[in-house]
Amino acid sequence: MSSLLLIWSMSLVLAGAALVWMIGLITGRLMRERAEAGRNRDRQVIQHAFLDIMAGSGDAIGRLRKVQGRARLMAETLMEMVSLVRGGERERLISALAAFKVDHVFRRRLFRGSFAGRIAAAEALSIFPGEGSTAALRRALATVRGVELRVGVMKSLIELGTPPSLAEVLADLAGRRASESLLYLPLIARLVADDPMTALRAFGDSRLSIEPRIILAEALGASGDYRALEPLCIATRAPDVELRIACTRALGMLGHPGAEKAVLACLDDRVWMVRSAACEAAGRIGLRSAIPQLAHQLRDQVWWVRFRAGEALAALGQIGQERLRLVAATGDDLSRRAASMVLAERGLAPVSA
């Protein structure tokens, strides 16, 4: 009897716990829906106030007072709005908000509250030029630790015309994980485009770790500055595989025929990812001297290399396409299939009689 009572007691406890759990879930959902509805209402208030400000309505600013505490929401809505408007309307909106001291709200939000809200505030400060915004962002850069927030702060400083130095950004990049390093690529690309010589000196510094050099290589390739040609060519022989890949890709982006010797050497690299990057680079640069090697790569053991080799041959004009057709007709099984696939994808396959 006592065992049966124990079982019934446990059943009641479990049923009660399940009921409490369900009530909690329902309550939580209702609270989230209520909060989201309130957020949507406040967003509409902010949007309508912004639109009225741009239209010249005199009382629009006053409507922002009741949502002044929603700094994150205001920042997100403002960034959406300014991305859609230009000229006098944009300037009118920014001037009115600055007079209302909305930028002061964003400066305070930069140092407290949720992480997402701090990032939104950092981005919003980029449209309020002045010493106040710059000083707040600089102070944040000296204290915050989160990668996304630091990148957001640096981006805003660049937008304000007071960028951090390339050395600062590279030092910040040191020791980051690969996924985090990618966040820095747009920043470094902007800095490299503005000052390629500083980037070249940093790239050639033997004390610089591999990860920053990889990011710099891609940025130098995208910069279009041909002074990067020789350093990138030299670095395609580096022991580090990732650096060789990045430099080979960068040479393709640079598009200078002076990279011929380095690219041809990379076509025979022992690492398939380097060979693949070299195939792509040969096609982008237009290296007809690479056609024999590219045709040879159509029978590479790695599918991606075969595909990139075929794409490169197709990009080299009639002479490359003729070689593809020749391989498709007379090559071994691997190369024939690779060549036929590329020809079919490009609509270059010969029409049957």
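Rules of the game
Residues numbered from 1 in each chain as written. Predicted model: local features only at pLDDT ≥ 70, side-chain atom pairs only at ≥ 80, totals over all residues. Heavy atoms only, no water. Phe/Tyr/Trp six-rings, centres within 6.5 Å; stacked < 30°, edge-to-face > 60°. Helix = DSSP H or I, 4+ residues; strand = E, 2+ residues; numbered from the N terminus. Buried < 20%, exposed > 50% of the residue type's maximum accessible area, 1.4 Å probe, protein only. Lys NZ or Arg CZ within 6 Å of the ring centre and 35° of its normal. Disulfide = S-S within 2.5 Å. Salt bridge = Lys/Arg side-chain N within 4 Å of Asp/Glu carboxyl O.

Caption draft 1: Focus on the packing of aromatic side chains. Inspection of the entire model under this criterion finds four aromatic pairs. Ring centres of W303 and F307 lie 5.2 Å apart, and the angle between their planes is 10°; on these two criteria the pair is classed as stacked. One end of the pair is W303 and the other is F307, both in helix α17 (residues 303–315) and four residues apart, which spans about a single turn. Here W303 falls in the partly exposed class, since its relative accessible area comes to 41%. Here the basic side chain of R213 rests over the ring of F203, its NZ or CZ set 4.6 Å away from the ring centre.

Caption draft 2: Geometry of the state of the cysteines. Here the structure, examined in full by the defined rule, presents zero disulfides. We note that C247 lacks a disulfide partner, and the nearest cysteine sulfur, in C266, lies 8.8 Å from it. Its sulfur unpaired, C266 is 8.7 Å from the next cysteine sulfur, which belongs to C233. The exposure class assigned to C266 is buried, which follows from its relative accessible area of 3%.

Caption draft 3: Here's a closer look at the pattern of salt bridges. The tally for this structure, following the rule as stated, stands at 13 salt bridges. Two residues, R227 and D225, come together in a salt bridge whose shortest N-O distance is 2.6 Å. D269 is paired through a salt bridge with R244; the nearest N and O atoms lie 3.0 Å apart. Of the two residues, D269 sits in the loop between α14 (260–266) and α15 (272–285) while R244 sits in helix α13 (residues 241–254), which places them 25 residues apart along the sequence. On the basis of relative accessibility, which here comes to 13%, the residue D269 falls in the buried class. Classification of R244 by relative accessible area gives buried; the value is 5%. Put simply, D333, R336 and R337 are held in one network by salt bridges that share partners.

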